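Each chain is listed here by its residues.
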Amino acid sequence: MSTEWHPRYNPWLIAVIVSLAAFMEVLDTSIANVALPHIAGNLGASTDESTWVLTSYLVSNAIVLPITGWLVSRFGRKRFFLICITLFTLSSLLCGIAPSLPILLLARIIQGAGGGGLQPMAQAILADSFPPARRGAAFAVFGITVIFAPAIGPTLGGWVTDNYSWRWIFLMNLPVGIIALALVNMVVEDPPFLKRLKNARIDLIGFSLLTVGVAALQIMLDKGQEDDWFNSRFITTLAAVSITGLVALVVWEWRQKDPLVDVRLFQNRNFATTSIMMFFVGAVLFSSTVLLPQYLQLLMGYSAESAGVVLSLGAVAMFFVMPIVGQLSSRIQARYLIAFGWIGVAASMYLSVHMMNTGMSFSSAAKLRVLQLLPVPFIFIPATLVSYLGLPPGKNSSAAGLINFMRNIGSGVGTSGVIVMVTQRTQVHQTMLASHTSMGDAGFVSAVRGLAAQLAHSGVVASQAQMQALDRMYGLMMAQAASIAYLDAYMMLSVGGAIMFFLAFILRKNDPHQGGASSAPAH
């Protein structure tokens, strides 16, 4: 049992060290986004070609995540963690000095593969280094890295790119990676209950199905909006390949004695339920991270840096809430904290519908982001905690890989979903508003004449005032349609949070003082 083994070093020292490695990887998933135009210009690539800098990383990262449990059983957890840090650090150097786009893409594939093991290994090490009653506080430290890093990534990436060079967003990983490598090698150790499969065969069929299914899914999510989704034969084909590959993977792995992806973990009610929740955590967190800065920049004229500051202020507020939730998780049942978190998400997204408008101030936008993020720790920490309940200690690495995989896929699905919804709902609202902006509408005609009179009074030639008034009214209509579409997306997130609230009560009761479940069977 994990409670019978204790690491030689202080668990909190271990928590800080492994979270440092995870922070480096999570930061890199978002920091490169704002640098794409600079990368394209410097390497002589088109804007479309430069987006593969993101896609290549996400694909290789997503493929590694669900197989981390098998890789741990093959290499040992500490050794695998060190391999991941080494790959990530060396490939960061290669990214920073890449002379061409193909070499940069190759480096990003390697970087994604190395980074794929960092988050689940950090989480699994924490789960085994702390007794169950103290895991909540430990996962609060891990949660800060997972949620804080992507929030500050775009702001930091923009600042580094504007003031130095896009290459430094990769090169600055080098000192962090070297320090993390040395410290992990010094203090982290494998618990005795981890099983090693030294002569395990590589499941080529399972790996092929995983690679094809996940790669097709990630590329579809990343390129769908660009190619008009299912109006594109390419995207439709990717969807079919992804569904076929992932369904076949589950069927194949279920029958394997030592599966590459341990899909039988989903037989555990807590693990299955929290996996669904982590999918939606990723969807809500990342989709709201996309919606607000887009609204501020496209409809309110904010700069990328100012919009980034709004996001960062929300992350700073969450930084202070994480430890509090970590302590609460040792006093209050996890499912009550999770239910409170989802109600908070539903309420904050509903409040966004009523607070957001193109006239809101910077402080109002910052307060709104704080309200959107404050409930997330109440979901993330206790859901991570109870996902391990009822699982044998040796399954922690596999569980961590699958949980992080679900959250990452959720972030892709959520981001793509809200972008599609905003686009389609904008068109719907444009059609509705257009019916009230014709010269046959008395109210519209009156508004145009009033605006034309104001323009003429300000010095615009009378013959042009009418045309300019019509142009401005059309622009206002387009902006209003887009603004309402963003509110529709927030309403959808609010409904999703309300549905997740009820799912919280499917979780088995846990004893917060012991950390274990009172009635969860082991699988």
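Now for a quick tour of the structure. Each chain has its residues counted from 1, running along the sequence as written. Reporting of local features is limited, given that this is a predicted model, to residues whose pLDDT is at least 70; pairs of side-chain atoms are given and counted only at 80 or more, and all residues count toward the totals for whole chains, interfaces and linings. Side-chain numbers come from the whole structure's heavy atoms, not from hydrogens or water.

**Overview of the packing of aromatic side chains**
Part 1 of the reasoning: In summary, the pairing rule links any two rings of Phe, Tyr or Trp, Trp by its six-membered ring, whose centres are within 6.5 Å, and it sorts them by plane angle into stacked for under 30 degrees, edge-to-face for over 60 and tilted for everything else. The full count for this structure, using the stated rule, is nine aromatic pairs.
Part 2 of the reasoning: Here Trp12 and Phe130 contribute two aromatic rings whose centre-to-centre distance is 4.8 Å and whose plane-to-plane angle is 70°, an arrangement assigned as edge-to-face. You can see Trp12 sitting in helix α1 (residues 11-31) and its partner Phe130 sitting in the loop between α8 (118-129) and α9 (135-163), a full 118 residues away along the chain.
Part 3 of the reasoning: Only protein chains enter the area calculation, which uses a 1.4 Å probe; residues under 20% of their type maximum are buried, those over 50% are exposed, and those in between are partly exposed. Look at Trp12 and you get partly exposed, because its relative accessible area is 33%.
Part 4 of the reasoning: Seen from their ring centres, Phe279 and Phe280 are 5.6 Å apart, and the 75° between their planes marks the pair as edge-to-face.
Part 5 of the reasoning: On the basis of relative accessibility, which here comes to 31%, the residue Phe280 falls in the partly exposed class. Numbering of helices and strands starts at the N terminus; helices are DSSP runs of H or I of at least 4 residues and strands are runs of E of at least 2.

**With respect to the pattern of salt bridges**
Oppositely charged side chains may form a pair once their charged atoms are brought near each other.
Part 1 of the reasoning: The rule for a salt bridge is simple: a side-chain nitrogen of Lys or Arg has to be within 4 Å of a carboxyl oxygen of Asp or Glu. Under the definition given, this model contains two salt bridges.
Part 2 of the reasoning: Residue Asp128 pairs with Arg77 through a salt bridge whose shortest N-O separation is 2.7 Å. One end of the pair, Asp128, is in helix α8; the other, Arg77, is in helix α6 (residues 77-97), with 51 residues separating them in the sequence.
Part 3 of the reasoning: Residue Asp128 is classed as buried on the basis of its relative accessible area, which comes to 1%.
Part 4 of the reasoning: A relative accessible area of 2% means that Arg77 is categorised as buried.
Part 5 of the reasoning: A salt bridge links Arg425 to Asp488, with the nearest nitrogen and oxygen atoms 3.0 Å apart. Here the residue Arg425 occupies a position in helix α19 (residues 396-434), and Asp488 occupies one in helix α21 (residues 462-503), the gap between them amounting to 63 residues.

**Some points on the environment of Phe501**
Part 1 of the reasoning: Note on placement: Phe501 falls in helix α21.
Part 2 of the reasoning: Each C-alpha atom of the pair Phe501 and Trp342 lies 5.1 Å from the other, and the pair is 159 residues apart in sequence.
Part 3 of the reasoning: Only heavy atoms enter the contact rule, under which two residues are in contact if any of them lie within 4.5 Å. Beyond its immediate sequence surroundings of up to four residues, Phe501 is in contact with Ala339, Trp342 and Ile343.

**Side note on the side chain of Gln218**
Part 1 of the reasoning: The residue Gln218 is located in helix α12 (residues 204-223) in this model.
Part 2 of the reasoning: We classify Gln218 as buried; its relative accessible area is 8%.
Part 3 of the reasoning: Leaving out residues up to four positions away in the same chain, Gln218 has contacts with Leu58, Val59, Ala62 and Ile409.

**With respect to the packing of helix α14 (residues 269-299) against helix α17 (residues 362-373)**
Part 1 of the reasoning: Throughout, an axis means a line fitted to C-alpha atoms (over the contacting stretch in the case of helices), and angles, computed between N-to-C directions, take values from 0 to 180 degrees. The contact between α14 and α17 brings their axes to 11 Å, and the two run at 170°. One finds that α14 runs roughly antiparallel with respect to α17. Touching Leu285, Ser288, Thr289, Leu292 and Leu296 of α14 are Ala365, Arg369, Gln372 and Leu373, all from α17. Note that the term roughly parallel is reserved for angles under 35 degrees, roughly antiparallel for angles over 145, roughly perpendicular for angles of 65 to 115, and oblique for everything else.

**Thoughts on the packing of helix α4 (residues 52-64) against helix α7 (residues 101-116)**
Part 1 of the reasoning: Their axes nearest at 7 Å, the elements α4 and α7 cross at an angle of 30°. Relative to α7, the element α4 lies roughly parallel. The crossing of α4 and α7 is right-handed. Here α4 contributes Trp52, Val53, Leu54, Ser56, Tyr57, Ser60, Asn61 and Val64 to the contact with α7, which in turn contributes Leu101, Leu104, Leu105, Arg108, Ile109, Gln111, Gly112, Ala113, Gly115 and Gly116.
Part 2 of the reasoning: The class makeup of the residues in the contact of α4 with α7 is 10 nonpolar, seven polar and one charged. Crossings are sorted by hand: turned counterclockwise from the far helix by less than a right angle, the near helix makes the crossing left-handed, and turned clockwise it makes it right-handed. Throughout, the ten residues Ala, Val, Leu, Ile, Met, Phe, Trp, Tyr, Cys and Pro are labelled nonpolar, Asp, Glu, Lys and Arg are labelled charged, and all others, Gly among them, are labelled polar.

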